[in-house]
Amino acid sequence: MSLLRRLESTPGRPESEPQAAVAAPPPPAQGTQQAAPPPPPPPPPSARETRGESTRGSKEALKELRGRVQDRLIKELDPKMDVNDHHKMRDTIRKLYDRILEEEGQLLPRGEREMMFESILADIIGMGPIQILLDDDDVTEVMVNGPFKIFVEKKGRLTLADVRFDDNDHVRRIIERIISPLGRRCDESQPLVDARLADGSRVNAIIPPLALDGPTITIRKFPKKRLYIEDLIKFGSVNAEMGEFLRACVISRFNIVVSGGTGSGKTTLLNVLSSFIPEEERIITVEDAAEIQLMQEHWVRLESRKPNIEGKGAITIRDLVMNTLRMRPDRIVIGECRGGEALDMIQAMNTGHDGSLTTVHANTPKDCISRLEVLVMMAGMDLPLSAIRRQIASAVNMIVQQERLRDGSRKVTYVTEVQGMEGETVVLQDIFLYEQTGIDDNGKIIGHHKPTGLRPKQMWRIQDAGIQLAPSVFGAGARGF
């Protein structure tokens, strides 16, 4: 069939079109391949695709506008302004922001205009896109996994937040803003750092090359409202009898170790126990990053120091504990024992500094004893294990085990007395424990705290302090005892 006939027989060709209107091309030379017809034109974009491209274009335009406005704001702000005066900074930035937008000739809806202002304000004087999460009282922890994935903990549950950073450099700027007032650094030579915010929230940052997915920030928020034992009772972390007994132990100068896993609420419980210390006593706290918040007036805070850029000048927790003994303390509170300072703490407890408090990472009271043994060995002293165990059994009076359960709730699961040694074994006796009875339809753990029915061996110390605990505190007269 000739090309003319092939064109004439093409579907969709109008029959009324005269054949003469189509000029037949010259026949192809023998042995040559005929050219393929041109491809049909692409179909017009759908309405959804058009809207998507328009949305992406508007977002990009808004992002460029935000960048221009923020750059101009930073250039025009007085560098001598006090960034800690948030009210004055906000008023100044608001005036500059309105003027710059007017000069840019941009008319934005009120909602977008306010959203852009809050975003720029957070970048200049706050923590960038995570500032809104830090201001949310329901958020207890913020985890930045690179610039595009930010998780939060609410009521013990982890969820993905609907905010993000622009890029890795954006995250790095926020890290620098956190640590620079503390005289610390986070760079390629020292790519991880511990710090704290002004409100006491604990911050850990780690950057590439150690963090493969980009700069990572973990912020454990410090509660704005100070918690008391009544709050823990209301949350179900302890019951009233446990709260009364723990208060008596602190006033009676028991040496108490709060044991638990990461995120179980050890520091919060330590704060609550510390609030029972009488006002007239001199308290010295020792921490890596200051988190303990006390209300007593006679309170001295000590914080360890990392080495400088030359690797010198480090002051460890152990150095501070040893120095504390020369500061005439009535009570020593160590934020966490994680090394050789455990030996110095136990020595202090055994040499007249009773009533001390600390925390240890361990899963059970029995594991807490084993953990303390390992920490003492880390001090580098060649002591026999039996001697270490006897020192621990003599120094520690009570272990309070805190646990974060599967539903996200935090409970005190054991209050255990250290009663001494029998042979080569440290004797432990549970005074209170948490008993789980089931799980409801929402995955919430059902259970209750209960006394074991046994009175502590060192009850005489509580009575000598003038405190009388009713027999019902220990389960006398209760059903099942």
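Residues numbered from 1 in each chain as written. Predicted model: local features only at pLDDT ≥ 70, side-chain atom pairs only at ≥ 80, totals over all residues. Heavy atoms only, no water.

Engineer: Which parts of the structure should I look at to understand the pattern of salt bridges?
Structural biologist: Opposite charge on two side chains permits them to pair, given that their charged atoms come into close proximity. Evaluated as defined, the whole model comprises 21 salt bridges. Note that Asp 354 and Arg 253 form a salt bridge whose closest N and O atoms lie 3.1 Å from each other. On the criterion of sequence distance, the pair formed by Asp 354 in the loop between α11 (341-349) and β11 (357-361) and Arg 253 in the loop between α8 (240-251) and β7 (256-260) is long-range, its members being 101 residues apart. The closest approach of N and O atoms between Arg 328 and Asp 330, which form a salt bridge, is 2.9 Å. Through salt bridges with shared partners, a single network forms among Arg 94, Asp 98, Arg 113 and Glu 114. (Salt bridge = Lys/Arg side-chain N within 4 Å of Asp/Glu carboxyl O. Helix = DSSP H or I, 4+ residues; strand = E, 2+ residues; numbered from the N terminus.)

Engineer: Whenever I open this one, empty space enclosed by the protein confuses me. Can you help?
Structural biologist: A complete count under the given rule lists one cavity of 30 Å³ or more for this structure. Computed from the structure, the largest cavity encloses a volume of approximately 40 Å³. Along the walls of the largest cavity sit Leu 343, Ile 346, Gln 347, Val 376, Leu 383, Ile 388 and Gln 391, which together make up its complete lining. Listing elements by their share of the lining of the largest cavity, those giving two or more residues are α11 and α13 (385-395). (1 Å grid on protein atoms, 1.4 Å probe; cavity = no way out; pocket = protein on both sides within 12 Å on 5 of 7 lines; lining within 4 Å. Points joined across faces, edges and corners; volume = space filled by probe spheres on them.)

Engineer: What exactly am I supposed to notice about the sheet that holds strand β1 (residues 139-145) here?
Structural biologist: In sheet architecture, strand pairing relies on hydrogen bonds along the backbone and comes in two forms, parallel and antiparallel. Across the sheet, six strands lie side by side as β3-β2-β1-β6-β5-β4; this open sheet has antiparallel pairing. Of all the strands in the sheet, just β3 (157-160) and β4 (192-196) have a single pairing partner and so form its edges. Mean inter-strand twist for the sheet, computed between neighbouring axes without regard to direction, equals 15°. As judged from the five bridges shared by β1 and strand β2 (residues 150-154), these two strands associate in the antiparallel manner. Looking across to β2, one finds that Val 139 is bridged to Lys 154. (Pairing = 2+ DSSP bridges. Axes fitted to C-alpha atoms, helices over the stretch in contact; angles between N-to-C directions.)

Engineer: Help me out: how do you make sense of the packing of helix α12 (residues 365-377) against α13 in this one?
Structural biologist: A pair of packed helices is captured by two measures, namely the crossing angle of their axes and the spacing between those axes. The interhelical angle for the contact between α12 and α13, taken along N-to-C directions, is 120°, at an axis separation of 10 Å. Relative to α13, the element α12 is oriented oblique. The way α12 lies across α13 gives a crossing that is right-handed. Counting all contacts with α12, which are made through Ile 369, Leu 372, Glu 373, Val 376 and Met 377, the residues of α13 involved are Leu 385, Ile 388, Arg 389 and Ile 392. Split by residue class, the contact of α12 with α13 holds seven nonpolar, no polar and two charged. (Parallel < 35°, antiparallel > 145°, perpendicular 65-115°, else oblique. Left-handed = near helix turned anticlockwise from the far one by under 90°. Contact = heavy atoms within 4.5 Å. Nonpolar A, V, L, I, M, F, W, Y, C, P; charged D, E, K, R; others polar.)

Engineer: What am I meant to see in the sheet that holds β11 here?
Structural biologist: With mixed pairing, the nine strands of this open sheet are ordered in space as β9-β8-β10-β11-β7-β12-β13-β14-β15. Only two strands of the sheet have a single neighbouring strand rather than two, namely β9 (299-303) and β15 (445-451). Neighbour-to-neighbour, the strand axes of this sheet turn through a mean angle of 25°, independent of strand direction. Bridge analysis of strand β14 (residues 425-439) against β15 gives seven bridges, and the strand direction is antiparallel. Within β15, the residue paired with Tyr 434 across the bridge is His 449. Lying over the sheet, α13 contacts β13 (410-422) and β14, oriented at roughly 120° with respect to β13.

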